[in-house]
Amino acid sequence: MQKMRTLTIILTLATLATFTSCDCVQNVTGTVIDEQTEQPIQNAHVQKENKEYDQADTDDKGNFEIMSISGGIFGCPPMAIIVSKEGYESKTLEIDNAQHETIKLQKVE
(Lines give C-alpha, C1' and ligand atoms only; values in the text may rest on other atoms or scores of the structure.)
Protein backbone atom coordinates (compact mmCIF):
# COMPACT_ATOMS: atom_id res chain seq x y z
CA MET A 1 0.00 0.00 0.00
CA GLN A 2 2.83 2.40 0.90
CA LYS A 3 4.67 1.60 -2.35
CA MET A 4 1.53 2.34 -4.38
CA ARG A 5 1.03 5.69 -2.65
CA THR A 6 4.68 6.63 -3.22
CA LEU A 7 4.46 5.64 -6.88
CA THR A 8 1.27 7.70 -7.32
CA ILE A 9 2.92 10.76 -5.78
CA ILE A 10 6.02 10.39 -7.97
CA LEU A 11 3.93 9.99 -11.14
CA THR A 12 1.78 13.00 -10.22
CA LEU A 13 4.83 15.19 -9.60
CA ALA A 14 6.47 14.04 -12.84
CA THR A 15 3.30 14.83 -14.80
CA LEU A 16 3.02 18.29 -13.23
CA ALA A 17 6.67 19.02 -13.95
CA THR A 18 6.21 18.03 -17.58
CA PHE A 19 3.18 20.24 -18.12
CA THR A 20 4.58 23.27 -16.30
CA SER A 21 7.82 23.13 -18.27
CA CYS A 22 6.04 23.39 -21.62
CA ASP A 23 5.76 27.19 -21.50
CA CYS A 24 8.58 29.48 -22.43
CA VAL A 25 9.02 33.23 -22.51
CA GLN A 26 9.83 34.42 -26.02
CA ASN A 27 11.70 37.69 -26.33
CA VAL A 28 12.57 39.00 -29.78
CA THR A 29 13.92 42.36 -30.85
CA GLY A 30 14.54 43.97 -34.18
CA THR A 31 15.17 47.06 -36.22
CA VAL A 32 12.93 48.00 -39.13
CA ILE A 33 14.59 49.95 -41.94
CA ASP A 34 13.76 51.20 -45.43
CA GLU A 35 15.10 48.73 -48.00
CA GLN A 36 16.46 51.42 -50.35
CA THR A 37 17.69 54.13 -47.99
CA GLU A 38 18.51 51.83 -45.04
CA GLN A 39 17.09 54.52 -42.76
CA PRO A 40 15.08 53.46 -39.68
CA ILE A 41 11.30 53.39 -40.03
CA GLN A 42 9.52 54.96 -37.08
CA ASN A 43 6.04 53.82 -35.97
CA ALA A 44 6.05 50.58 -37.98
CA HIS A 45 3.62 48.11 -36.42
CA VAL A 46 5.03 44.74 -35.35
CA GLN A 47 2.67 42.00 -34.18
CA LYS A 48 3.05 38.35 -33.28
CA GLU A 49 1.15 36.38 -35.90
CA ASN A 50 -2.35 35.42 -34.68
CA LYS A 51 -1.88 37.25 -31.36
CA GLU A 52 -3.41 40.76 -31.26
CA TYR A 53 -2.16 41.52 -27.77
CA ASP A 54 1.52 40.73 -28.48
CA GLN A 55 2.55 43.79 -30.44
CA ALA A 56 4.76 46.86 -30.52
CA ASP A 57 5.51 49.92 -32.62
CA THR A 58 9.03 50.88 -33.62
CA ASP A 59 10.69 53.83 -31.92
CA ASP A 60 12.46 56.73 -33.65
CA LYS A 61 15.46 54.44 -34.36
CA GLY A 62 13.27 51.69 -35.87
CA ASN A 63 13.70 49.37 -32.87
CA PHE A 64 11.06 47.13 -31.29
CA GLU A 65 10.77 44.39 -28.68
CA ILE A 66 8.03 41.79 -28.21
CA MET A 67 7.77 39.41 -25.27
CA SER A 68 5.27 36.57 -25.29
CA ILE A 69 4.57 33.30 -23.53
CA SER A 70 4.48 30.32 -25.85
CA GLY A 71 4.37 26.56 -25.58
CA GLY A 72 7.56 24.73 -26.29
CA ILE A 73 8.21 21.21 -25.11
CA PHE A 74 11.78 21.15 -26.42
CA GLY A 75 12.59 24.87 -26.01
CA CYS A 76 11.14 28.11 -27.28
CA PRO A 77 10.00 28.05 -30.90
CA PRO A 78 10.73 30.96 -33.26
CA MET A 79 8.22 33.82 -33.11
CA ALA A 80 6.30 34.53 -36.33
CA ILE A 81 5.72 38.27 -36.70
CA ILE A 82 4.04 40.61 -39.15
CA VAL A 83 5.62 44.01 -39.80
CA SER A 84 3.53 46.72 -41.45
CA LYS A 85 3.70 50.43 -42.14
CA GLU A 86 1.54 52.59 -44.39
CA GLY A 87 3.32 53.15 -47.70
CA TYR A 88 5.33 49.91 -47.37
CA GLU A 89 4.71 46.27 -48.23
CA SER A 90 3.96 44.18 -45.14
CA LYS A 91 6.38 41.43 -44.28
CA THR A 92 5.91 38.18 -42.34
CA LEU A 93 8.94 36.39 -40.91
CA GLU A 94 10.16 34.26 -38.02
CA ILE A 95 12.71 35.35 -35.44
CA ASP A 96 14.43 32.84 -33.16
CA ASN A 97 13.94 33.38 -29.45
CA ALA A 98 16.33 35.91 -27.88
CA GLN A 99 17.52 37.07 -31.31
CA HIS A 100 17.68 40.51 -32.93
CA GLU A 101 16.71 40.84 -36.59
CA THR A 102 17.11 43.71 -39.06
CA ILE A 103 13.98 43.86 -41.20
CA LYS A 104 13.95 45.71 -44.51
CA LEU A 105 10.61 46.99 -45.81
CA GLN A 106 10.05 47.91 -49.45
CA LYS A 107 8.03 51.00 -50.37
CA VAL A 108 4.81 50.48 -52.30
CA GLU A 109 5.00 52.06 -55.74
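Up top is the structure.
As the structure is a prediction and not an experimental result, all values here were calculated from the model.

1. Quick look at empty space enclosed by the protein
Counted according to the given criterion, the structure contains one cavity of 30 Å³ or more. Quantified by volume, the largest cavity comes out at close to 40 Å³. Lining of the largest cavity is provided by Asp 34, Glu 35, Gln 36, Leu 105, Gln 106, Lys 107 and Glu 109. Class assignment of the residues belonging to the lining of the largest cavity gives a composition of one nonpolar, two polar and four charged.

2. Re the sheet that holds strand S7 (residues 100-105)
The strands making up a sheet associate through hydrogen bonds between their backbones, and the pairing can be parallel or antiparallel. Taken together, three strands build an open sheet; the order of strands is S4-S1-S7 and the sheet is mixed. A strand with exactly one partner marks an edge of an open sheet, and here the two such strands are strand S4 (63-71) and S7. The average undirected angle you get between the axes of adjacent strands in this sheet is 35°. With nine bridges connecting them, strand S1 (residues 23-34) and S4 associate as antiparallel partners. From the neighbouring strand, Gly 30 faces S4, where its bridge partner is Phe 64.

3. Considerations on unusual backbone geometry
For residues besides glycine, phi is generally negative; the peptide bonds are generally trans as well. A positive phi angle, near 60°, is found at Glu 38, a position not held by glycine. The residue Ala 98 is not glycine, and still its phi comes out positive at about 65°. Inspection of the secondary structure assignment puts Ala 98 in the loop between strand S6 (91-95) and S7.

Calculation rules
Residues numbered from 1 in each chain as written. Predicted model: local features only at pLDDT ≥ 70, side-chain atom pairs only at ≥ 80, totals over all residues. Heavy atoms only, no water. 1 Å grid on protein atoms, 1.4 Å probe; cavity = no way out; pocket = protein on both sides within 12 Å on 5 of 7 lines; lining within 4 Å. Points joined across faces, edges and corners; volume = space filled by probe spheres on them. Nonpolar A, V, L, I, M, F, W, Y, C, P; charged D, E, K, R; others polar. Pairing = 2+ DSSP bridges. Helix = DSSP H or I, 4+ residues; strand = E, 2+ residues; numbered from the N terminus. Axes fitted to C-alpha atoms, helices over the stretch in contact; angles between N-to-C directions.

As far as function goes, none of this settles anything; it's purely spatial.
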